[in-house]
Amino acid sequence: RVDRQAERDFFFIEDGGWDSHKGVEKALYTKFGEVNYALEEFVAELKAQGTFDNVVIVTHSDFARTLTPNSNAGTDHGWSGIQMVISGAVKGGLINQYPRLAEGSEMDAGRGRLIPRYPLEGMMMPVAEWMGMEPAQASQVFPNLGRFNSSHLITKETLFK
C-alpha cells in the first residue's frame with residue numbers, strides 16, 4: 001500500500017463450484033473444507049505480519065440455496081444466505097438473528113426458499129464506513145437503503161471494536 005500510495009485496498013476473489021444442483025452433500029463438504037483451509041492460512045499469515053486488525057474479509061454470494069433437496073440430491077437457487085465478516089477489528093459473534101432453517105417456517109416461501117430478513121446493505125454499510133465512507137454518503141453508495149427497516153441495519157460501532 002505504501003508503494004502504491006493507497007490508504008485502503010479492496011481485493012475481490014471468486015470461488016466457483018457452489019452451484020450444487022446435484023450431489024450437494026459431497027460438494028459442500030469439499031467446498032467448506034477448501035474455504036476453511038484458505039481462511040485459516042490467510043488469517044495466520046495476517047497475524048504473523050501483524051496486519052489482522054487492518055484487514056476485513058467479507059463473504060458474499062449473489063444467491064443462496066434451497067433447504068430442501070431437488071430430485072438430483074442437490075439444491076436449487078434460493079434467496080436468503082449467511083455471510084461472514086472476519087477481522088481482528090471485528091467484535092465477533094452473531095450480529096443478526098440466525099434464521100430458523102426449517103421447511104414451512106415463517107421465512108419459507110416454499111420448497112425451502114427462505115425470504116431474507118436482513119439486507120446485504122446491513123452488513124456492508126459498516127464495512128464501507130470502516131473503509132472510509134462518511135455516513136452522509138450511505139444513500140449514494142447504497143441506493144436501496146431507504147427500502148429497509150432501519151433496525152435491520154448494522155452500525156459500525158456494533159460490528160467493529
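Residues numbered from 1 in each chain as written. Predicted model: local features only at pLDDT ≥ 70, side-chain atom pairs only at ≥ 80, totals over all residues. Heavy atoms only, no water.

Colleague: Break down the overall build of the protein chain for me, citing the residues and quoting the values.
Modeller: Regarding its fold elements, the protein chain presents 4 helices and 4 strands. The order of α-helices and β-strands along the protein chain, N terminus first, is α-β-β-β-β-α-α-α. Overall, the C-alpha framework of the protein chain stretches about 55 × 35 × 25 Å when taken along its three principal axes. Across the 161 residues in the protein chain, those meeting the buried criterion constitute 29%. One finds the centroid of the 16 positive side-chain charges in the protein chain at a distance of 3 Å from the centroid of its 21 negative side-chain charges. (Helix = DSSP H or I, 4+ residues; strand = E, 2+ residues; numbered from the N terminus. Buried < 20%, exposed > 50% of the residue type's maximum accessible area, 1.4 Å probe, protein only. Lys, Arg positive; Asp, Glu negative; His and termini not counted. Charge placed at Lys NZ, Arg CZ, Asp CG, Glu CD.)

Colleague: An account of a nonpolar patch on the surface is requested, with residue identities and associated values reported.
Modeller: Where nonpolar side chains cluster on the molecular surface, the patch consists of Leu-67, Ile-82, Leu-94, Tyr-98 and Leu-101 and spans about 510 Å² of accessible area. Looking at where Tyr-98 falls in the secondary structure, it is placed in the loop between β4 (85–86) and α2 (120–130). Residue Tyr-98 is classed as partly exposed on the basis of its relative accessible area, which comes to 45%. (Patch = residues over 30% accessible without salt bridge, like charges linked within 9 Å, V, L, I, M, F, W, Y side chains within 5 Å. Areas by Shrake-Rupley, 256 points an atom, 1.4 Å probe, with all protein chains shown as cover. Salt bridge = Lys/Arg side-chain N within 4 Å of Asp/Glu carboxyl O.)

Colleague: Residue-level account of the packing of aromatic side chains, with values.
Modeller: To describe a pair of aromatic rings, one takes the distance between the centres and the angle between the planes. Enumeration over the complete set of coordinates arrives at 2 aromatic pairs. Consider the rings of Trp-18 and Phe-32, whose centres lie 5.7 Å apart with planes at 50°: the pair is tilted. Note that Trp-18 is positioned in the segment before α1 (24–49) and Phe-32 in helix α1, a separation of 14 residues in sequence. Among the residues examined, Trp-18 registers a relative accessible area of 28% and is labelled partly exposed. When the ring of Trp-130 is compared with that of Phe-160, the centres are 5.7 Å apart and the planes differ by 10°; the resulting orientation is stacked. (Phe/Tyr/Trp six-rings, centres within 6.5 Å; stacked < 30°, edge-to-face > 60°.)

Colleague: If you had to explain α2 to someone new, which residues and values would you point to?
Modeller: Buried residues dominate α2, accounting for 9 of its 11 residues. All buried positions along α2 are accounted for by Glu-121, Gly-122, Met-123, Met-125, Pro-126, Val-127, Ala-128, Glu-129 and Trp-130. Contact partners of the buried residues in α2: β1 (57–58), β4, α3 (138–141) and α4 (156–159). (Contact = heavy atoms within 4.5 Å.)

Colleague: Describe the nonpolar core, listing the residues and the values that go with them.
Modeller: As a rule of thumb, soluble globular proteins bury nonpolar side chains together. Formed by Val-56, Val-85, Ala-89, Val-90, Met-123, Val-127, Trp-130, Ile-154, Leu-159 and Phe-160, the largest nonpolar core amounts to 10 residues. At 3 residues, α2 tops the list of elements feeding residues into this core. Setting aside anything within four residues of it in sequence, one finds Met-123 in contact with Val-58, Thr-59, Gln-83, Val-85, Ile-154 and Leu-159. Core analysis: the second largest hydrophobic core is formed by 7 residues, Met-125, Ala-138, Leu-145 and Leu-153 among them. (Core = buried A, V, L, I, M, F, W, Y, C linked by side-chain atoms within 4.5 Å.)

Colleague: If you had to explain unusual backbone geometry to someone new, which residues and values would you point to?
Modeller: For residues besides glycine, phi is generally negative; the peptide bonds are generally trans as well. Phi at Ala-73 takes a positive value of approximately 55°, unusual for a residue other than glycine. Classification of Ala-73 as partly exposed rests on a relative accessible area of 47%. Positive phi values are uncommon outside glycine, yet Arg-111 reaches one of about 55°. Within the secondary structure, Arg-111 sits in the loop between β4 and α2.

Colleague: Go over α1, please, and point to the residues and values.
Modeller: Relative to the 38 Å expected for 26 residues at 1.5 Å per residue, α1 spans 37 Å between its end C-alpha atoms, a close match to the ideal helical length. Those residues of α1 that sit buried are Val-24, Lys-31, Val-43 and Leu-46. (Expected span 1.5 Å × (residues − 1).)

Colleague: Kindly report on the pattern of salt bridges, identifying the contributing residues and their values.
Modeller: A complete count under the given rule lists 5 salt bridges for this structure. A salt bridge links Arg-111 to Asp-76; its shortest N-O distance comes to 3.1 Å. Of the two residues, Arg-111 sits in the loop between β4 and α2 while Asp-76 sits in the loop between β2 (64–65) and β3 (77–78), which places them 35 residues apart along the sequence. Given a relative accessible area of 32%, Arg-111 falls into the partly exposed group. A relative accessible area of 17% places Asp-76 in the buried class.

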